[in-house]
Amino acid sequence: MEGLLTRCRALPALATCCRQLSGYVPRRFHHCAPRGGRRLLLSRVFQPQNLREDQVLSLQDKFGDLTCKSQRLMLQVGLIYPASPGCYHLLPYTVRAMEKLVRVIDQEMQAIGGQKVNMPTLSPAELWQATNRWDLMGKELLRLRDRHGKEYCLGPTHEEAITALIAAQKKLSYKQLPFLLYQVTRKFRDEPRPRFGLLRGREFYMKDMYTFDSSPEAAQQTYNLVCDAYCSLFNRLGLRFVKVQADVGSIGGTMSHEFQLPVDVGEDRLAICPHCSFSANLETLDLSQMNCPACQSPLTETKGIEVGHTFYLGTKYSSIFNAQFTNIYGKPSLAEMGCYGLGVTRILAAAIEVLSTEDCVRWPSLLAPYQA
């Protein structure tokens, strides 16, 4: 049976295998239609014809190197199709898997008090100029002008936008805090060399949460709460992960952690102590000293795919936009902030990268487009 399943490249093929094994007929595999509407057979789901190996390789010259398993498999079975460098059509099976992932993310975020919002993709240049990130992020921003000459970027992240939104609420009280506001939207970054399919693209889906607290102590509690929710998410998906100390980069703040899936194709180099809980991205360490700072044991180096990132921001953004609330003494105070990202489309590809064989896609059971 395992030999048959490994030759199945997509769910219509999987349905055929199951029919041969257990007497099922293909028309029983269908979308459930609400209110008695017409059912859609899986055999009629839109999907490019399964690509032969030579056809997949022919895409290499046009759309970049096929250098990882997830990219090759997702092309072969018709989960994605190239549109332009770093941009892909997400086809029906992938969309179903992504919707399932978003539902699990919603459950975890709302369980800790998260409230879902949706902010504009177009972000005015003046917001980014206020934080100096218009110049700091440089060519990474995809910029444009409207017909009136006003400058915008396509948002790669939304710290400026959400802080300006909170600052516009003039009568916030400490009794209303904390706010945990999040969204799941398309993001855009002008990668100089997009590669690895959905693992590093110019257009992708991300869950980004922004939190506002009344004190540093409360903000630290919220930070720990969100990190625990991320751990719960990856445990539910059955993905082996490691939480590592990380650099704050262009986001800023005073503390940062990455959630990494250890895998050889990963672009991040990680240092992990086999004897204690210490782990870090190598970019945060002094490479001349590769002993664990906690227990002095030698560190083990591995590679990983970053699928989540958390930042404690303090008042970096709230001080610029004057995002204030009235404290217990009736005085105005700046909100303490954190921001937290999950790469939604990256998780889909990374899960395939770490769970699949060389010729068969394997999803976490919670994300599989269909159960057969």
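Throughout this description, residue numbers start from 1 for each chain and increase along the sequence as written. Whole-chain, interface and lining totals are the exception, using all residues; otherwise, since this is a predicted model, local features are given only for residues with pLDDT of at least 70 and side-chain atom pairs are given and counted only at 80 or more. Values shown for side chains rest on all heavy atoms present in the structure; no hydrogens or waters enter the calculation.

An unreviewed UniProt entry lists the chain under the name Probable proline--tRNA ligase, mitochondrial, with Macaca mulatta as the source organism. Word for word, the UniProt comment on the chain under Catalytic activity (unreviewed entry) is "tRNA(Pro) + L-proline + ATP = L-prolyl-tRNA(Pro) + AMP + diphosphate". UniProt positions are given in the numbering used here, feature names are shortened, and annotations may be inferred rather than shown by experiment.

S.K.: Please clarify how the pairing of strand β13 (residues 300–314) should be interpreted in this entry.
M.R.: Residues in a regular strand point their side chains to alternate faces of the sheet. Note: strand β10 (residues 255–262) against β13, 8 bridges, orientation antiparallel. Residue pairing across strands places Ser 256 opposite Phe 311, the latter belonging to β13. When DSSP finds two or more bridges between two strands, those strands count as paired. A run of H or I in DSSP becomes a helix once it reaches four residues, and a run of E becomes a strand once it reaches two; helices and strands are each numbered from the N terminus. Two strands pair when backbone bridges link them, and strand β11 (residues 268–272) and β13 are joined in this way by 5 bridges, in the antiparallel orientation. When the bridges of β13 are listed, Arg 269 appears paired with Lys 303. In terms of strand pairing, β13 meets strand β16 (residues 336–343) through 6 bridges, oriented antiparallel. Following the sheet pairing, Phe 311 is matched in β16 by Cys 339.

S.K.: I keep staring at the pattern of salt bridges and nothing clicks. Help me out?
M.R.: Any two side chains of opposite charge can pair if their charged atoms end up close together. When a carboxyl oxygen of Asp or Glu is within 4 Å of a side-chain nitrogen of Lys or Arg, the pair counts as a salt bridge. What the rule picks out here adds up to 15 salt bridges. In this structure, Glu 358 and Arg 72 form a salt bridge, with 2.9 Å as the shortest nitrogen-oxygen distance. Of the two residues, Glu 358 is situated in the segment after α11 (344–355) and Arg 72 in helix α4 (residues 69–76); the sequence distance between them amounts to 286 residues. Per-residue accessibility, obtained with a 1.4 Å probe over protein chains only, is compared with the maximum for each type, and a residue is labelled buried under 20%, exposed over 50%, and partly exposed between these values. A residue is classified by how much of its surface remains accessible, and Glu 358, at 54% relative accessible area, is exposed. For Glu 267, the salt bridge identified is with Arg 195, shortest N-O distance 2.5 Å.

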